[in-house]
Amino acid sequence: MSASAPVRVSGRAPEADAGPRARRRPARALAGGALLLIGTLLLPLSLAAVWARTELTDTDRYVAAVAPLAANPAVRDAIVDDVTNGVMEHVQLDGLLQAIPRAQRPALRERFTRGIREFVDKQVRQVVTGRSFPAVWTGVHRTAHQALDGTLTSSGDAPVTLDLTPVVERVRHQLSANGLGIDIAQRVPHTNAEIVLLKPPEVPPFRTAYRSVRTAAVLLPPAAALCLPAGLLLARRRRRALICTAAGCAAGAALLAAALVLARTRLLDALPAMVSRPAATAYADALTSPLRTGLWTVIATALLTVTTAALTPPVRRLLRRVAGARD
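Worth saying up front: this structure is predicted, and the values here are computed from it rather than measured.

Student: Would you explain the overall build of the chain in this entry?
Tutor: A tally of regular secondary structure across the chain gives ten helices and two strands. N-terminal to C-terminal, the α/β element order of the chain is α-α-α-α-α-β-α-α-β-α-α-α. The proportion of buried residues among the 327 residues of the chain is 31%. Within the chain, contacts between residues separated by at least 24 positions form 81% of all contacts whose residues are at least 6 apart in sequence.

So, in structure tokens, the structure goes:
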């Protein structure tokens, strides 16, 4: 052996020979870990941003989400109550009670009001449960969503409303078709029946959130799709990195699902007393169903990945040992 030859210990080259490569390995592993962490955080946020953008900007998707609510009993009851209350506001009994002694008017007014309300409630319910109501329902929400999208993409501060005029017109027709309801139908005004969804002061902050969501829905999914594979390629121990990443994605999706439940509960608790809680719950569940489905899909896929990656090598070794024992 030459005196100038490097001394090897246990068959390995000295540290100086692998210096640059050894220094690159920690940097590569650090970069891979950072990319995996970023991708893990961005994945559930990407799902939320894409869902929000879809529900806010895609009228067809929104209408398809709320269309089944036309047959929801809680929503039907809420519509019947709202429209009946609106009709009863225009029912005047003063002329009818003029011939009644003053002392008897309160009791008769209560009886007449209760009877008329039951009649109007029945007529409205026939409209809401009729075959043509789903088409009216989808038309109302399509118009409302288009108005919302137009307001949020413009620079004005016009309120966003849900126009129930088609429903009220159907009720007017139903009352007119019944002989007892002619006078009531004539008293119901032809003016628009609207529910204010966003008041003018609420439009600017909602518009800011709307634009942020649109931007996030464009940027976050590609970023997550690039970070996760790149991080796995840079990782030194890829199986361990895959397990940790999948577990992190499952945890992030589970946290977002829990936050969604908490936000839903708080929003429902903050509703005014006049708003039907069961109907609002049905709305919230219908609109968030795609997001919840996506989150549970991520959780299930991530857990399956963790299980497969963790159990595959031991199973392979066990099968090899069993095969060797048979031989």
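Back to the text.
Student: Even after reading the chapter, I still don't get the packing of aromatic side chains, so can you show me in this structure?
Tutor: Aromatic ring pairs are reported here in terms of the distance separating the ring centres and the angle at which the planes meet. Here the structure, examined in full by the defined rule, presents two aromatic pairs. Here the aromatic rings of phenylalanine 133 and tryptophan 137 are separated by 6.0 Å at their centres, their planes lie at 45 degrees, and the arrangement is tilted. Highlighted residues: phenylalanine 133 and tryptophan 137, both in helix α5 (residues 133-153), separated by four residues, approximately one helical turn. There is no split in this pair, since phenylalanine 133 and tryptophan 137 are both buried.

Student: Just checking my understanding: could you explain the confidence of the model for the chain for this structure?
Tutor: Interpretation of the predicted coordinates at a detailed level should be avoided for regions scoring low in pLDDT. Chain-level statistics for the chain give a pLDDT mean of 78 and a share of 75% at 70 or above. The spread of mean pLDDT over the elements of the chain runs between helix α7 (residues 182-187), the lowest at 54, and helix α9 (residues 238-269), the highest at 91.

Student: Quick question: what am I supposed to make of a nonpolar patch on the surface here?
Tutor: A surface patch of nonpolar side chains, amounting to about 290 Å² of accessible area, comprises Leu271, Met274 and Val275. Take methionine 274: it is sitting in the loop between α9 and α10 (277-326). Take methionine 274: its relative accessible area is 74%, and that puts it in the exposed class.

Student: Please explain the side chain of threonine 84 as it appears in this structure.
Tutor: Structurally, threonine 84 can be placed in helix α3 (residues 73-88). Judged by relative accessible area, which is 0%, threonine 84 ranks as buried. Every residue in contact with threonine 84, bar those within four places of it in the chain, is listed here: Arg117, Val120, Asp121 and Val124.

Student: Can you help me understand α3 in this one?
Tutor: With 16 residues, α3 should cover 22 Å at 1.5 Å per step; its first-to-last C-alpha distance of 22 Å lies within 8% of that length. The set of residues buried in α3 consists of Ala74, Val75, Ala78, Ile79, Val80, Val83, Thr84, Val87 and Met88. Between the side-chain oxygen of the N-cap and the backbone nitrogen of alanine 74 there are 2.9 Å, and the N-cap of α3 in question is asparagine 72.

Student: Would you take a moment to explain the pattern of salt bridges for this structure?
Tutor: Pairing between side chains becomes possible if they bear opposite charge and their charged atoms approach one another. Taken as a whole and judged by the stated rule, the model has five salt bridges. Residue aspartate 269 pairs with arginine 277 through a salt bridge whose shortest N-O separation is 3.1 Å. What emerges from the salt-bridge pattern is a single network uniting Asp77, Asp121 and Arg125.

Student: I would appreciate a short explanation of the environment of valine 83 in the present structure.
Tutor: Within the secondary structure, valine 83 sits in helix α3. Note: C-alpha distance between valine 83 and valine 168 (85 residues apart in sequence) is 6.9 Å. If sequence neighbours within four positions are ignored, valine 83 has contacts with Val124, Val167 and Val171.

Student: I would appreciate a short explanation of the nonpolar core in the present structure.
Tutor: One recurring pattern in soluble globular proteins: nonpolar side chains tend to sit buried together. Grouped together as the largest cluster of nonpolar side chains are 30 residues, with contacts concentrated most on Ile79 and Trp137. It is α3 that provides the largest number of residues to this core, a total of seven residues. Setting aside its immediate chain neighbours within four residues, isoleucine 79 contacts Val128, Phe133, Trp137 and Val167.

Basis of the calculations
- Residues numbered from 1 in each chain as written.
- Predicted model: local features only at pLDDT ≥ 70, side-chain atom pairs only at ≥ 80, totals over all residues.
- Heavy atoms only, no water.
- Helix = DSSP H or I, 4+ residues; strand = E, 2+ residues; numbered from the N terminus.
- Buried < 20%, exposed > 50% of the residue type's maximum accessible area, 1.4 Å probe, protein only.
- Contact = heavy atoms within 4.5 Å.
- Phe/Tyr/Trp six-rings, centres within 6.5 Å; stacked < 30°, edge-to-face > 60°.
- pLDDT = per-residue confidence, 0-100.
- Patch = residues over 30% accessible without salt bridge, like charges linked within 9 Å, V, L, I, M, F, W, Y side chains within 5 Å.
- Areas by Shrake-Rupley, 256 points an atom, 1.4 Å probe, with all protein chains shown as cover.
- Salt bridge = Lys/Arg side-chain N within 4 Å of Asp/Glu carboxyl O.
- Expected span 1.5 Å × (residues − 1).
- Polar contact = N/O pair within 3.5 Å; in protein donor to acceptor, adjacent residues only side chain to side chain.
- Core = buried A, V, L, I, M, F, W, Y, C linked by side-chain atoms within 4.5 Å.

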